[in-house]
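Descriptive analysis of the structure
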Amino acid sequence: MTGPAAAEALRAELRAWLATHLTAAVRAALAAPDAWDAHRAWNATLVDAGWGAVGWPAAYGGRDADVPAQLAWHEEMARAGAPGPVN
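Small disclaimer: the values here were computed from a predicted structure and weren't measured. (Residues numbered from 1 in each chain as written. Predicted model: local features only at pLDDT ≥ 70, side-chain atom pairs only at ≥ 80, totals over all residues. Heavy atoms only, no water.)

Thoughts on the environment of T23
Just so we agree on the cut-off: In this text, helices come from DSSP runs of H or I with a minimum length of four residues, and strands from runs of E with a minimum of two, each type numbered from the N-terminal end.
Here T23 shows up in the loop between α1 (4-21) and α2 (24-31). Counting along the chain gives 58 residues from T23 to G81, while the straight-line C-alpha distance between them is 11 Å.

Examining the pattern of salt bridges
Note the cut-off: Criterion for a salt bridge: a side-chain nitrogen of Lys or Arg within 4 Å of a carboxyl oxygen of Asp or Glu. Exposed residues in this analysis have more than 50% of their type's maximum accessible area, buried residues have under 20%, and partly exposed residues fall in between, with area computed by a 1.4 Å probe over protein chains only.
Inspection of the entire model under this criterion finds 6 salt bridges. R11 is paired through a salt bridge with E75; the nearest N and O atoms lie 2.6 Å apart. Within this pair, whereas R11 is found in helix α1, its partner E75 is found in helix α4 (residues 67-80), the two being separated by 64 residues in sequence. Residue classification places R11 among the buried positions, given a relative accessible area of 17%.

Some thoughts on unusual backbone geometry
Notably, D64 is not glycine yet its phi reads approximately 55°, a positive angle. Here D64 is to be found in the loop between α3 (36-48) and α4. The exposure class assigned to D64 is partly exposed, which follows from its relative accessible area of 48%.

Quick look at α4
To keep it simple, the criterion reads: A helix is expected to span 1.5 Å multiplied by its residue count minus one. Directions are taken from the helix axis to each C-beta atom, and the arc is the one they span. In this description, contact between two residues means that some pair of their heavy atoms is separated by no more than 4.5 Å.
Between its terminal C-alpha atoms α4 stretches 20 Å, which fits the 20 Å expected from 14 residues at 1.5 Å a residue. Within α4, burial applies to A69, A72, W73, E76, M77 and A80. Each buried residue of α4 lies within a common arc of 130° when the element is viewed along its axis, so the set occupies one face. Facing away from the buried side of α4 by more than 90 degrees, the exposed set consists of V67, H74 and A78. Against α1, α2 and α3 lie the buried residues of α4. Phi for G81, located one or two positions after α4, is positive at around 70°.

Structural notes on the packing of α2 against α3
Helix packing geometry: the angle between the two helix axes and the distance between the axes. Short version of the rule: Angles shown run from 0 to 180 degrees and are taken between the N-to-C directions of axes, each axis being a line fitted to C-alpha atoms and, for helices, limited to the stretch in contact. Roughly parallel means an angle under 35 degrees; roughly antiparallel, over 145; roughly perpendicular, 65 to 115; everything else is oblique.
Where α2 contacts α3, the two axes come as close as 7 Å, and the packing angle between them is 135°. The orientation of α2 relative to α3 falls into the category oblique. In this structure, α2 uses V26, A29 and L30 to contact α3, whose residues at the interface are A38, H39 and W42.

Structure (structure tokens):
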């Protein structure tokens, strides 16, 4: 599925996932002065869940997201204050 409905479905799924995984402890670790290891761990968490490169094909760890869905991903990550992938 592509288009606005797919973007909104991805948005809802990501919002729920972030509510579970972007905990206060993760936020604190990411905000620490020497947070490189925390960012690498967060990156691994994103990648393992398929959120590291949503525009990539699912066969390569992405979500086959079209442009509206990728925009929804960026909007939700910004809304949550979540850092994106380390790359």
